[in-house]
Amino acid sequence: MPLLKDVRSARTLVAGSLRRRRARAAWAQAAAAGTPDHTEVEGLVFFPDPPVNAYQVRQWYEPMRVLAGRHPLAVVTTDPETAVALAAECPLPVLWHRSVGETEAFMEGRRIGAVFYVNQNVTNFRMMRHRRPAHVFVNHGESDKDYMASNQLKAYDYTFVAGQAAVERIEARLVDFDAGRHLVRVGRPQVDFPGHAPDLPDDGRTVVLYAPTWEGDRPSMAYSSVRSHGPAMLRALLATGRHRVVYRPHPRTGVSDPLYARAHAELVAQVARAEESDPGARHVVDTDAAYGWQLAAADACVTDVSAVAFDFLATGKPLVLTAPSSPQALVDEGGLAGMLTPLAAREAGRVVERLDAELSGGAREDHARIVERYFGDTTPGAATDRFVAASSEIIGSRLALYPEPVRR
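Residues numbered from 1 in each chain as written. Predicted model: local features only at pLDDT ≥ 70, side-chain atom pairs only at ≥ 80, totals over all residues. Heavy atoms only, no water.

### Considerations on the nonpolar core
Phase 1: If you look at the biggest cluster of nonpolar residues, it comprises 31 residues, and the most contacted ones within it are Leu-44, Val-115, Tyr-117, Met-127 and Ile-170.
Phase 2: Those elements that place two or more of their residues in this core are strand E1 (43-46), strand E2 (73-77), helix H5 (100-108), strand E4 (114-117), helix H6 (125-128) and helix H7 (164-173).
Phase 3: Sequence-distant contacts of Val-115, defined by excluding residues within four places in its chain, comprise Leu-44, Phe-46, Met-107, Met-127, Pro-133, Ala-134, His-135 and Val-136.
Phase 4: If you look at the next biggest cluster of nonpolar residues, it comprises 29 residues, including Leu-67, Leu-73, Val-136 and Phe-387. (Core = buried A, V, L, I, M, F, W, Y, C linked by side-chain atoms within 4.5 Å. Buried < 20%, exposed > 50% of the residue type's maximum accessible area, 1.4 Å probe, protein only. Helix = DSSP H or I, 4+ residues; strand = E, 2+ residues; numbered from the N terminus. Contact = heavy atoms within 4.5 Å.)

What follows is the structure in C-alpha cells.
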C-alpha cells in the first residue's frame, strides 16, 4: 500500500511538472506579442494559489472591475497555470511574477495604493512584506466557520467583512485586536452580480440548491455534508417528481480526503440516474459555471456551515442548514446555527419534509433582522457601492502618502 501511494505521488508530481511547463510555454508565446508595463496600476489583487483555488478570486472579478473604473487594477499570481487560466477569463490584467525579485521590481516602479487578498495562504507574505501599500483582506466568503476569526487577520491593515455579525464574531474571539480600526463593513458585493443562469423549464417544480462545502483541511473545519447527509437527501429529493435539484459542490471537494471525492462521484451518479429515468426533471450537476446564478434560480437551499448559507440568507428564501456530523467541527452557537434548526445527519432522509415546512411557513418574522445583522443594506448595488467607496478611500490615502514610485 505505501508503494502504491508513492507511485501515485510520483505520477502527480510528474503531471504537475508537465502542466506547469506547458503553462510557461503558453505564457511566453502570449508575451512575445508584447507585454504592457502597467505603469498606471494603483491596486493589485494578489493570488499565489494553483488553479484549483481559482474560485476564490473568480467571485471578485465583477466588484474589482467596477473598482478598476476609479483605480486601475491588476491581478498578480506566482503560479504559471493560474496565470494562463485567469488571463483567459479575468476582466483585469493578469501578471505572472516568477520570483520575489520580479515582484519587488514591479512594486518599486509603481504607485500601488492597496493590495487585496482573497484567502489566507501563507504565500501572501511574499507580497505583504511591502510597506507602502495598504494590505486588505477581502476573503472569498462570509460564514460562521472558525476560519473567519483567525488571528491572521492581525497581519492586514484592513479586513473587509459583510456586516455587524462578523464584527461581533471577531471581537469576541481575537485578543488585543482593534476591530474599530481594522474592520470595514461592505456587505457581499459578489451577490450584486448573479451571472448567467442555464435555461431551466418553468414547469412548477421546486428548484432546490444543494451546495455542500468541502471537507476542510483540519478537524475544526469538517463542515461538509457530502458523505453524512448527501446520499439520503438526494435520494429523497430526486424521488418526489416535484423537485428539481441543482447540485453545486464546493470546488475543493475531495482535495484533502479521497473518501469525499468518491462520495461526490456517487452523488453525481444519483443525479444522472434520476435524469435518465425522468429527462423532464432537468436536474443539474453544476461544477463549472460561475457562482451566483444559483441564488436567483433556486426556490430553496440546503447547505452547510459555509458562505453559501449566508449568501442565500440574503435572498429571503427558505434555507435548511445541515449540522456537521463531526464532533470536532467548531460550530458558533451564537451564529446562524443557533438561529436556525440545523438538519442532523440521522434526519437527512426527511429533508423534503423540512423544505415543505420552510416553503409553506413563509419568511421568518426575524429574517429581516438576521439579514441586516449579517449583511447590512442588501438593496441591489448597495454592497458594491460600499466596497468601491471603502477601497477607493484606502487607495487614495496611501497614494497621497507616497506621491512618487519608491525606488532603492
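### Focus on the pairing of E2
Phase 1: A large share of E2 lies buried, amounting to five of its five residues.
Phase 2: The alternating pattern of E2 places Leu-73, Val-75 and Thr-77 and Ala-74 and Val-76 on opposite faces, both of which are buried.
Phase 3: Strand direction decides the pairing type here: E1 and E2, joined by four bridges, are parallel. Its bridge partner being in E2, Phe-46 is matched across the sheet by Val-76. (Pairing = 2+ DSSP bridges.)

### Structural notes on the pairing of strand E5 (residues 134-137)
Phase 1: Here E5 shows a buried face lined by Ala-134 and Val-136 and a second buried face lined by His-135 and Phe-137.
Phase 2: Summarising the sheet, E4 and E5 pair through four bridges and their orientation is parallel. If you follow Tyr-117 over to E5, its bridge partner there is Phe-137.
Phase 3: Two elements, E5 and strand E6 (residues 158-161), share two bridges in a ladder whose sense is parallel. Bridge assignment links Val-136 to a residue of E6, and that residue is Tyr-158.

### Let's talk about the pattern of salt bridges
Phase 1: Applying the stated criterion across every chain, the model contains 15 salt bridges.
Phase 2: Three or more residues are tied together by salt bridges with common partners; here these are Asp-203, Arg-205, Arg-244 and Asp-278. (Salt bridge = Lys/Arg side-chain N within 4 Å of Asp/Glu carboxyl O.)

### Some remarks on unusual backbone geometry
Phase 1: Residue Asp-176 is not a glycine yet carries a positive backbone phi of 60°.
Phase 2: With respect to the helices and strands, the residue Asp-176 is situated in the loop between H7 and helix H8 (179-182).

### Notes on the sheet that holds E2
The strands making up a sheet associate through hydrogen bonds between their backbones, and the pairing can be parallel or antiparallel.
Phase 1: Within the open sheet, the seven strands sit side by side as E3-E2-E1-E4-E5-E6-E7. Their pairing is parallel. Strands with a single pairing partner mark the edges of an open sheet, and in this sheet they are strand E3 (94-96) and strand E7 (183-185). Here the strands of the sheet are splayed against their neighbours by 30° on average, with no regard to which way each runs.
Phase 2: On the sheet, helix H16 (residues 382-401) packs against E4, E5, E6 and E7 and is oriented at approximately 170° with respect to E6. (Axes fitted to C-alpha atoms, helices over the stretch in contact; angles between N-to-C directions.)

Honestly, that's just the spatial picture; any functional story needs more than this.
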